[in-house]
Amino acid sequence: MALGAAPTTRQRRQMVAPEQASRPGLSVGPTSEFSLFFRVKQGEGQTLRTALRDLQDTPGYRPGDYDMAVQSIHEARFVLFDGDTRLAFITSFDGPWDAYMEDFFTSGPTLTLFDVIFRHTEGYDGLPDLAAVKDFVLSAEQTAAAYARNYGGTVKEIRKAQRVNAAFQQVLDHPDAAQALEHPALRPLLDEAAD
C-alpha cells in the first residue's frame, strides 16, 4: 500500500481482531496496537515518575531522536494516572508479536530501561528469560476497543520514504538538474514535490 493511500478491501480484511490473530492487540495491516496497564507499587509513584523522566533523556527516546533500540516501534508512551498509582504503556509496532517480543528482549538497552521502569510496578519479578517477559507483559495487556492509523507503511517503509524524499529534494535543488527534470516521466514526482 502506498503511503497515505486508502486501504484496499484485501487490506481491510487484514484488520484482525485479537481472537483471530496470533498476538494480542488489534492490527491494521502489518501494524498492531499494544496497551499495557500496571499498578504502581505503593509509595513509588514519584520514583517511577523520575525514572520515566530519565528515560525521556536517553538517546533514542529524547524528543527529536528517532532511533529507539526496537526498530519496529512506531511510538511508545508511558502515562501515570490515578494519582501516580497506575501506569499505562501504549505503543504500536510492525510485524508478528513474537518477533517484536524477541527484538525487545534481545535489544540490551531497551531491556535495561524496561527493568528500571517496571521494577516500580506490582507483579514484576525481573526478566530472567523471554518467557518471563511475555508472561509479565500479557498479564497487563488490554486490547483496544478500536484502533486506526492515519498513515500506511511500516517504520522501515516510512524511513525509506523519508530518505528518498531527502535525496529527491537534493536533486531538485541541484543547478544542473533543470533540463533532466523537464522529462515528462518525472511530471508525477514534480507535481508531488510542489505540494
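Quick note: structure is the one above.
These notes cover the structure that comes with them. Because the structure is a prediction, the values reported are computed rather than measured.

Quantified by volume, the largest pocket comes out at close to 550 Å³. Gly60, Asp65, Met68, His74 and Ala76 are the residues nearest the centre of the largest pocket, which is lined by 26 residues in total. When the residues that make up the lining of the largest pocket are grouped by side-chain class, the tally is 13 nonpolar, six polar and seven charged.

What follows concerns the environment of phenylalanine 105. Within the secondary structure, phenylalanine 105 is located in helix H3 (residues 97-106). Taking the C-alpha atoms as reference, phenylalanine 105 lies 6.3 Å from leucine 130; in sequence the two are 25 residues apart. Every residue in contact with phenylalanine 105, bar those within four places of it in the chain, is listed here: Leu111, Leu127, Pro128, Asp129, Leu130 and Val133.

It is worth spelling out empty space enclosed by the protein at this point. Applying the stated criterion across every chain yields a total of one cavity of 30 Å³ or more. In this model, the largest cavity occupies a volume close to 230 Å³. Elements with a minimum of two residues in the lining of the largest cavity: strand S2 (31-39), strand S3 (73-81), H3 and helix H4 (108-118). Among the elements that take part in the lining of the largest cavity, H4 stands out by supplying five residues, more than any other. Per-class residue counts for the lining of the largest cavity are 17 nonpolar, one polar and no charged.

What follows is about helix H2 (residues 45-56). With 12 residues, H2 extends 17 Å between its outermost C-alpha atoms, agreeing within 8% with the 16 Å of an ideal straight helix rising 1.5 Å per residue. For H2, the set of buried residues is Gly45, Leu48, Ala51, Leu52 and Leu55. Seen from one end, H2 has its buried residues packed into an arc of 120°, which puts them on one side.

Take the sheet that holds strand S4 (residues 86-94) next. With antiparallel pairing, four strands are arranged side by side in an open sheet as S1-S2-S4-S3. What marks the edges here is a single partner per strand, and that holds for strand S1 (27-28) and S3. Strand direction decides the pairing type here: S1 and S2, joined by two bridges, are antiparallel. The residue bridging valine 28 from the neighbouring strand is threonine 31, located in S2.

What follows covers H3. One full turn of an α-helix is made of 3.6 residues, so residues set three or four places apart face in the same direction. For H3, the full list of buried residues reads Trp97, Tyr100, Met101, Phe104 and Phe105. Along the axis of H3, the buried residues cluster in a sector spanning 130°; they form a single face.

It is worth spelling out the packing of aromatic side chains at this point. Summed over the entire model, instances satisfying the criterion amount to 15 aromatic pairs. Arranged with centres 5.1 Å apart and planes meeting at 20°, the rings of phenylalanine 38 and phenylalanine 136 form a pair that is stacked. Here phenylalanine 38, found in strand S2, pairs with phenylalanine 136, found in helix H5 (residues 130-140); they are 98 residues apart in sequence, far enough to count as distant. Per residue, the accessibility class of phenylalanine 38 equals that of phenylalanine 136, and both read buried. Centre to centre, the rings of phenylalanine 114 and phenylalanine 136 are 6.1 Å apart; their planes meet at 85°, and the pair counts as edge-to-face. Here phenylalanine 136 lies in helix H5 and phenylalanine 114 lies in helix H4, a separation of 22 residues in the sequence. As far as burial versus exposure is concerned, phenylalanine 114 and phenylalanine 136 are alike and both buried. Ring-pair connections join several aromatic residues into one group, and the members of that group are Phe38, Phe78, Phe89, Phe104, Phe114, Phe118, Tyr124 and Phe136.

Should their charged atoms come close, side chains of opposite charge can pair. The full count for this structure, using the stated rule, is four salt bridges. Across the pair lysine 134 and aspartate 98 runs a salt bridge, and its minimum N-O distance is 3.0 Å. In this pair, lysine 134 is assigned in helix H5 and aspartate 98 in helix H3, connecting sequence segments 36 residues apart. When the shortest N-O distance is used, the salt bridge between arginine 119 and aspartate 115 registers 2.5 Å. Judged by relative accessible area, which is 39%, arginine 119 ranks as partly exposed. When its relative accessible area of 23% is taken as the criterion, aspartate 115 is described as partly exposed.

Rules and cut-offs
Residues numbered from 1 in each chain as written. Predicted model: local features only at pLDDT ≥ 70, side-chain atom pairs only at ≥ 80, totals over all residues. Heavy atoms only, no water. 1 Å grid on protein atoms, 1.4 Å probe; cavity = no way out; pocket = protein on both sides within 12 Å on 5 of 7 lines; lining within 4 Å. Points joined across faces, edges and corners; volume = space filled by probe spheres on them. Nonpolar A, V, L, I, M, F, W, Y, C, P; charged D, E, K, R; others polar. Helix = DSSP H or I, 4+ residues; strand = E, 2+ residues; numbered from the N terminus. Contact = heavy atoms within 4.5 Å. Expected span 1.5 Å × (residues − 1). Buried < 20%, exposed > 50% of the residue type's maximum accessible area, 1.4 Å probe, protein only. Arc of directions from axis to C-beta. Pairing = 2+ DSSP bridges. Phe/Tyr/Trp six-rings, centres within 6.5 Å; stacked < 30°, edge-to-face > 60°. Salt bridge = Lys/Arg side-chain N within 4 Å of Asp/Glu carboxyl O.

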